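Here is what each chain is made of, one letter per residue.
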Amino acid sequence: MIWRSVACLVLSALVGWLVAGQVSSVLDLRVEDGSAIREDPSVAEAVDPVEAPAIVSISVDDDPAVVEAAEVLGDALRSRQRPAPRWVSIADEPTLTVEVDADTEGDGEESSRLVPVDGGRWILRASSARGAAQGLVALADRIRSGREPWVTEAIAPDLPTRMVDFGAVGVRARESQWRGGDDYGHASRAFEDVILAEAPYIDTEALERHRPAFERFVRQSVANGYNAMAVPGFLEYVRFDDIADASDRTHRARAMAMREAFGPWWEYASDRGLDVYLRTDMLALNDPLERYLRGRFGGLETSLPAFWDTYGTAFEEVYAAMPQLAGTVVRIGEAGDVYDVAGRDERSALAVTSVEQTRAMLSGLLDAHERAGRELVFRTWSVGVGEVGALHTDPELYRRVFEGIDSDRLIVSTKYSDGDFYSHLPLNATLGETGQRRIIEFQSRREYEGMGVLANDLTALHGTALKEAVAANDGIEGVWTWTQDGGPWRAGPMALYLERGWWPLYDLNTYGIGRWARDLDAEPGDISGDWIRSAVSRIPSTQEAVAAALGVSRSAILDGLYIGAFAEKRVHALGLLPPPMMWIFEWDVLAGDTATWSVIGTVVGDEVGESVQEGRDAVATARTMLRQVRGTPASSWNDQTSQANATETLQYEVSLLEMLSWFRSTALHHAAWVRTGDEAHAVAADRARERYREARDAHAETYGDRVDLPAYNTVAADAAMNRQERDQLIATAASVLLGLVVGWLLLGAVAALTGLRAGVFALARWHWSGLVRPWAVRPDRSALALGVLPGLVVIATEAMWGWGRAPVHGATIAACWAVGLTMLCLVTSRRSRRRWAAALGGVSLVHSALVLYALSGHGPSGYWAAAWTDEGARTAYLIATTVLAGWGSAAVAMAARRRGAVLLSLGTVLLGLGGALAVAGLDPVLRTWSDELGILPWTLARTLGISTHLGIPAWIVWVPLAAGGLVVIAGLARLRSPRRSSTGASIGP
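To keep things clear, this report deals only with the structure shown in the data block. This structure is a prediction, so every number in the text was calculated from the model and none was measured. (Residues numbered from 1 in each chain as written. Predicted model: local features only at pLDDT ≥ 70, side-chain atom pairs only at ≥ 80, totals over all residues. Heavy atoms only, no water.)

## Considerations on the overall build of the protein chain
Tallying secondary structure elements over the protein chain gives 31 helices and 19 strands in all. Across its three principal directions, the C-alpha atoms of the protein chain cover 120 × 65 × 50 Å. Buried positions account for 57% of the 989 residues belonging to the protein chain. Residue pairs at least 24 apart in sequence account for 76% of intrachain contacts in the protein chain once pairs closer than 6 positions are excluded. For the protein chain, the exposed area adds up to about 38,800 Å²; of that, 55% sits on carbon and sulfur atoms. (Helix = DSSP H or I, 4+ residues; strand = E, 2+ residues; numbered from the N terminus. Buried < 20%, exposed > 50% of the residue type's maximum accessible area, 1.4 Å probe, protein only. Contact = heavy atoms within 4.5 Å. Areas by Shrake-Rupley, 256 points an atom, 1.4 Å probe, with all protein chains shown as cover.)

Rendered as structure tokens:
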């Protein structure tokens, strides 16, 4: 038996070492120096605006784009208290004449030039209607912002493609949808009141109610110099007239209704100078299309070139039916329920995740777009899923995907930063890759930085990023500005661009990106100053105050929403690049999980004091901004209500940053105590915790019922605070219980050596013997007596391991023990029960001692900090745990002398776990477990789900069922075979 025991221990240790290696490989915690895009914010100078010109009359070409631009000019004049010009013919000698002549010399299709003529009159000459429109827009911009309007140098935008999203058009401002802040759906649900499930499929009256917002958005986009728009939809317009089996009567009728309803809208925008692109996720599906594809290809076989012929046919059909469309924007990295609209058959599937699949898709769709003469805009946003998960940021993978794909109809769209729209990130390295037409994505309403309701002048950052990218790649031809989109629509502030809430705060960024795309040589202070005069005030003293506030707005964001010592590093974990914010996790949830704070605490290291001071500095900056804005007279603002609005949102920012500063102080000091054991950090954490709760309560009381300025979500942080308060007590209790367990085992060893069998000595002796010599143990106590003490220790240990706040976890562990022990009792004799109870009790005590030792330093927080960040400690623990698990199974088998019983018991437990997992679902189980123990970020399971984020395959739920079934079969087979003694004689139970 001894050599078998040694073999079991060695084999278990080897398995533990292999498991530890795999865990370390998966966690893969690495820290590198970062190199963020340079930010040089400048304070706009206050200036007296130039007097607005009196453009009494205007003569324009009858092209709708020119007419729209002339209306923009009229709006600008009205904003300066000048009447809009009258429309007259050239014979009436208008103040401004627009001449469109193809023979006009210029610097491109959109170029124009102002030429003075006698009598104070001007001519705007352009070679195309688009050039004339851009010339009028530029003139309107100068008038609005108080610059000299009459410039005679040629006007030509530097970048030809300037696209916006669809803003908040079609989105109903229903407070009930925003209240609670727990709707993490990424779909805008635009026109949810218009598109009907049944005939006539379109509510035309509801559609008309949205028309003013649509026309307002078109006008604003034109005024900001944009010339393209991405609108939601694609499959909704497809009838599949040439592939009858891919659709049905209902879907064809709905597609026709959609074309008739929205076709005129897209034509309206196109006529006014905005190229209209559809926008869709791939794989786009509905019921009949999915049945057709599965029937024809045996599944969603996206790597087959022929698979994409169906979609190519669909695109060609839509373009033929709606010639006003310029192309389609396609995304492959995000799909599924979070992005779909409830109640609609059209949906998306995450089915293009490999290089082969992506290349097959691009080739097939580009063939169709080339035939149709339309453009395919492909987004490289792949969010870490599958083989192409790093396409967004990995130049080598980018080259693998696009090698040999050089269609002029392809435009590759990429976010400007090396990751999502966070600060502290470098320029996206893939933007230097040439060979394709490229556009760069920017986000005005920064989803991770307050979703647009915090002052956040990004003009300098965006300008630096755009200019550096254009300098590195002459294939970059434009920008795509997200005026509203990105992230969950209803889990944050109810701010809808041009329609409701605090949208003026991010309108500055929309305006700024448009200006940069037209003039790469502009200065950030000039751009911000022009916007201030246009949108805020033309009074120099108020300009100065607002400019000063905006000039430091980035400092408040960078210091208040980021922990610099962490954000400035490039941290790798779980095969991903965690976001530089991380402690405020997608999107307004204060992180309370051990994964986040263990990693942040390790990276911050000894810079706790500096990091805490950062948060206080942010509060001081926000208070200064508030004083500056509050000190301006309301009458000095272009809109007198805006001063009160700006003051209110800055009060919100102060409240938020105050709470965040104390939360970071608590979490960082606690993490430092866990890491170093310095009691000064524990004291500081306790003090900051009280201040955090005061600030949290004040924040929640003021903003808890607001939908436009909602309180941040502290549910995970509050749970973390409660857990952290218990760490020291649990560490002490674990130390005491550890001493008792070790003392009990030593007592058993002494009793075994001396032969003591009286009272507690007997119990301790049998636990010790069951641990070290299970094959020879002969207890004279009942199984119940032998199991009570280890059972109580296990229960106490598990309770401490979960901070006493993990009832589902505890119940699951208890159920596993109950099922396993019950099965063992059913298939073993009373004598065998005594033997295996002694063995199991001894091993359980040692395992509890191991866990208690891990808890005795700094409680469960210390346990998890080591698990996440200390490879040596983690490896040793996993090896020890695996050895004890292996030895425990072997010990029980040797003591019971019926290995089949142990296999049957273990298999039954696995079957039970597998069944529960299959019924409850993988993600709900992972979410509950993670929430109770504070393992992973709270919102990780509430967006795509933990399994998707971590790449856990759906089929894994069947593994415990399959394994349990096999083990049960093996156990039954073993039980049915006769047991042999060492001489080969059969023996009874």
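Structure's up, so let's keep going.
## Comments concerning the nonpolar core
The biggest cluster of nonpolar side chains holds 219 residues, and the ones touching the most others in it are Leu96, Phe262, Trp266, Met282 and Tyr311. Residue contributions to this core peak at 13 residues, all from helix α19 (residues 640–676). By size, the runner-up hydrophobic cluster in this structure holds 67 residues, among which are Ala806, Leu840, Trp864 and Ile946. (Core = buried A, V, L, I, M, F, W, Y, C linked by side-chain atoms within 4.5 Å.)

## Quick look at the pattern of salt bridges
A side chain with one charge may pair with a side chain of the opposite charge, provided their charged atoms come close. In the structure shown here, the tally under the stated rule is 60 salt bridges. Measuring nitrogen to oxygen at the nearest pair gives 2.8 Å for the salt bridge that ties Arg554 to Glu39. On the criterion of sequence distance, the pair formed by Arg554 in helix α15 (residues 553–561) and Glu39 in the loop between β1 (30–33) and β2 (57–59) is long-range, its members being 515 residues apart. Residue Asp345 pairs with Arg347 through a salt bridge whose shortest N-O separation is 3.0 Å. Residue classification places Asp345 among the buried positions, given a relative accessible area of 17%. With relative accessibility at 25%, the residue Arg347 sits in the partly exposed group. (Salt bridge = Lys/Arg side-chain N within 4 Å of Asp/Glu carboxyl O.)

## Things to note about the pairing of strand β15 (residues 437–443)
Burial analysis of β15 places six of its seven residues in the buried class, the great majority of the element. Where strand β14 (residues 410–415) meets β15, five bridges bridge the pair, whose relative direction is parallel. Bridging across to β15, Lys415 finds its partner in Glu441. Pairing geometry for β15 and strand β16 (residues 476–482), over six bridges, is parallel. Residue pairing in the sheet places Ile439 in a bridge with Gly478 of β16. In terms of handedness, the path from β15 via helix α11 (residues 459–472) over to β16 forms a crossover that is right-handed. (Pairing = 2+ DSSP bridges. Right-handed = clockwise from strand over helix to strand, strands pointing away.)

## Focus on the environment of Leu884
Relative to the helices and strands, Leu884 resides in helix α27 (residues 871–896). As for Leu884 and Ala472, which are separated by 412 residues in sequence, their C-alpha atoms are 58 Å apart. Residues contacting Leu884, with those up to four places away along its chain left out, are Val843, Val846, His847 and Leu850.

## Details of the sheet that holds strand β3 (residues 86–87)
On the basis of which strands lie adjacent, the open sheet formed by five strands has the order β3-β2-β4-β6-β5 and mixed pairing. In this open sheet, the two edge strands, each paired with only one partner strand, are β3 and β5 (112–117). Here six bridges tie β5 to strand β6 (residues 121–126), and the two strands are oriented antiparallel to one another. Considered in β6, the bridge of Val115 is made with Ile123.

## Looking at helix α23 (residues 783–801)
The terminal C-alpha atoms of α23, which comprises 19 residues, lie 27 Å apart, in line with the 27 Å expected from a rise of 1.5 Å per residue. Roughly 25° is the biggest bend found in α23, and it falls at Leu789, with proline Pro790 one to four residues downstream. Buried within α23 are the following residues: Leu786, Pro790, Val793, Val794, Thr797, Met800 and Trp801. (Expected span 1.5 Å × (residues − 1). Bend = angle between axes of the 7 residues up to and from the residue.)

## Quick look at the packing of α19 against helix α21 (residues 715–754)
Direction vectors running N to C along α19 and α21 enclose 35°, while the axes themselves pass 11 Å from each other. At the point where α19 passes α21, the crossing takes the left-handed sense. Of α21, the residues touching α19 (which contributes Phe663, Thr666, His670 and Trp673) are Ala717, Met721, Gln724, Asp727 and Gln728. Residues of the contact of α19 with α21, tallied by class, amount to four nonpolar, four polar and one charged. (Axes fitted to C-alpha atoms, helices over the stretch in contact; angles between N-to-C directions. Left-handed = near helix turned anticlockwise from the far one by under 90°. Nonpolar A, V, L, I, M, F, W, Y, C, P; charged D, E, K, R; others polar.)

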